[in-house]
Amino acid sequence: RMLLSLRHAHACMPVLPLPLPLPLLQSTLVATRSLAAVLLSQGKLTDAEPVIRREFEASRTIHGDADDDVLLSLCTLIDCMASGRKWVEAEPLAKEEYAWTVRAYGRLHPRTLRSAMRLASVLGALGKEEQAAAVRNEATLAAAPMFTQPDRSSTWSQWGGSSQE
């Protein structure tokens, strides 16, 4: 019964006149997102993709580009396409996601790094190894300072310790 309700909400979504009260729009988006999750969990990629695409487009229309839910929908759409081996369609979306995360969060944010790896994966699947390697290298170089430890041996020796201990 819930699935039928969700399908009904999904079917009505494109004809809903804008602007509607935000709670109704938000509940419709949540229902559509839930339907997509159910379809994905059942491995029904062919059915899930158009649902995710509609949810993404509606969410973007309602919230604009600077919303985390819109970014989540975009990531879900890219992952769905990648799972279905639709690499050509996924490439421009993955590039858009990467540019979006760099603008919104900066190069060092974990979401940006995941986005870079997603883009590199799509590019690699398309046989664009040089581009994939460039994206991976850029992300790795951006993240490198986060994983290096400062040399504290001189500070330790100032307090009477030995760097050999």
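Let us look at the structure shown here.

## Let's talk about the overall build of the protein chain
Along its length, the protein chain carries 8 helices and 0 strands. Its helices and strands taken in sequence order, the protein chain reads α-α-α-α-α-α-α-α from the N to the C terminus. Out of the 165 residues in the protein chain, the part that is buried amounts to 33%. Residue pairs in contact within the protein chain that sit at least 24 positions apart in sequence constitute 55% of those at least 6 positions apart. Carbon and sulfur atoms make up 59% of the accessible area of the protein chain, which amounts to about 10,000 Å² in all.

## Here's the deal with the packing of helix α3 (residues 45-63) against helix α4 (residues 68-83)
Look at α3 against α4: their axes get within 9 Å of each other, and the N-to-C directions meet at 160°. As summarised for this structure, α3 and α4 are arranged roughly antiparallel, according to the angle between their axes. Crossing angle aside, the handedness with which α3 passes α4 is left-handed. In this structure, α3 contributes Leu-45, Ala-48, Glu-49, Ile-52, Arg-53, Glu-55, Phe-56, Ser-59, Arg-60 and His-63 to the contact, and α4 contributes Asp-69, Val-70, Ser-73, Leu-74, Thr-76, Leu-77, Cys-80, Met-81 and Ser-83. The residue inventory of the contact of α3 with α4, partitioned by class, reads 9 nonpolar, 5 polar and 5 charged.

## Section: the layout of surface pockets
Considered as a void within the structure, the second largest pocket measures approximately 160 Å³ in volume. If you go around the second largest pocket, the residues you meet are Asp-68, Asp-69, Leu-71, Leu-72, Cys-75, Glu-97, Thr-101, Arg-111, Arg-114, Ser-115 and Arg-118. Secondary-structure elements contributing two or more residues to the lining of the second largest pocket are α4, α5 (87-105) and α6 (110-125). Counting residues per element, the lining of the second largest pocket draws most heavily on α4, which supplies 5 residues. In the lining of the second largest pocket, the residues fall into 3 nonpolar, 2 polar and 6 charged.

## With respect to the pattern of salt bridges
Side chains bearing opposite charge may pair, as long as their charged atoms lie close to each other. Inspection of the entire model under this criterion finds 11 salt bridges. Here Glu-89 makes a salt bridge to Arg-53, at a shortest N to O gap of 3.8 Å. With Glu-89 in helix α5 and Arg-53 in helix α3, this pair connects stretches of sequence that are 36 residues apart. Judged by relative accessible area, which is 39%, Glu-89 ranks as partly exposed. Linking Lys-95 and Glu-91 is a salt bridge whose minimum nitrogen-to-oxygen distance equals 3.1 Å.

Rules used throughout
Residues numbered from 1 in each chain as written. Predicted model: local features only at pLDDT ≥ 70, side-chain atom pairs only at ≥ 80, totals over all residues. Heavy atoms only, no water. Helix = DSSP H or I, 4+ residues; strand = E, 2+ residues; numbered from the N terminus. Buried < 20%, exposed > 50% of the residue type's maximum accessible area, 1.4 Å probe, protein only. Contact = heavy atoms within 4.5 Å. Areas by Shrake-Rupley, 256 points an atom, 1.4 Å probe, with all protein chains shown as cover. Axes fitted to C-alpha atoms, helices over the stretch in contact; angles between N-to-C directions. Parallel < 35°, antiparallel > 145°, perpendicular 65-115°, else oblique. Left-handed = near helix turned anticlockwise from the far one by under 90°. Nonpolar A, V, L, I, M, F, W, Y, C, P; charged D, E, K, R; others polar. 1 Å grid on protein atoms, 1.4 Å probe; cavity = no way out; pocket = protein on both sides within 12 Å on 5 of 7 lines; lining within 4 Å. Points joined across faces, edges and corners; volume = space filled by probe spheres on them. Salt bridge = Lys/Arg side-chain N within 4 Å of Asp/Glu carboxyl O.

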